[in-house]
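Working through the structure, step by step
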Amino acid sequence: RSMDLNDQFSVLNPEPSGRVRALMVGINYVGMSGELRGCHNDVHKMCTYLNKKGFKDHCMRLLLDDGEHEEPTKDNIIR
């Protein structure tokens, strides 16, 4: 479906039927030839944004390849 980028956007369902949840994945590929920067920061910024929109920390799951959070593996994503 096409999307007009000028339309108002919301992360919340206009007709909620339960609790809200978010899965955020940040992969910087640390130590690899294609290493990225900023992916972890993007996830943390999005957490802050979602908190302001009413999401609670316990309803958000972060998968980061930083050694401090759950690893962003296929099993962790589909769990």
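No experiment lies behind these values; they were computed from the predicted model shown. (Residues numbered from 1 in each chain as written. Predicted model: local features only at pLDDT ≥ 70, side-chain atom pairs only at ≥ 80, totals over all residues. Heavy atoms only, no water.)

1. Describing the pattern of salt bridges
The test is simple: Counted as salt bridges are all cases of a side-chain nitrogen of Lys or Arg within 4 Å of a carboxyl oxygen of Asp or Glu. Only protein chains enter the calculation, and the probe is 1.4 Å; a residue is then buried if its accessible area is under 20% of its type maximum, exposed if over 50%, and partly exposed in between.
Scanning the entire structure with this criterion turns up two salt bridges. Between Glu-70 and Arg-61 there is a salt bridge, and its shortest N-O distance comes to 3.2 Å. As a salt-bridge pair, Glu-70 and Arg-79 come within 2.3 Å of each other at their nearest N and O atoms. Its relative accessible area of 30% is what places Glu-70 among the partly exposed residues. Exposure remark for Arg-79: the relative accessible area of 62% places this residue in the exposed category. Salt bridges here are not isolated pairs; linked through shared partners, they connect Arg-61, Glu-70 and Arg-79.

2. Points about the nonpolar core
What counts is decided by this rule: Throughout this description, the term nonpolar core refers to a set of buried Ala, Val, Leu, Ile, Met, Phe, Trp, Tyr and Cys residues connected via side-chain atoms within 4.5 Å. Per the convention used, a helix needs a DSSP run of H or I reaching at least four residues, while a strand needs a run of E reaching at least two, with both numbered from the N terminus. Between two residues, a contact is recorded if the distance between any of their heavy atoms is within 4.5 Å.
Counting nine residues, the largest nonpolar core consists of Ala-22, Met-24, Val-43, Cys-47, Leu-50, Phe-55, Met-60, Leu-62 and Leu-64. Those elements giving two or more residues to this core turn out to be strand 1 (22-26), helix 1 (39-52) and strand 2 (60-64). Residues within four places of Ala-22 in sequence aside, it is in contact with Leu-50, Phe-55, Cys-59, Met-60 and Arg-61.

Just distances and angles here, no functional claims.
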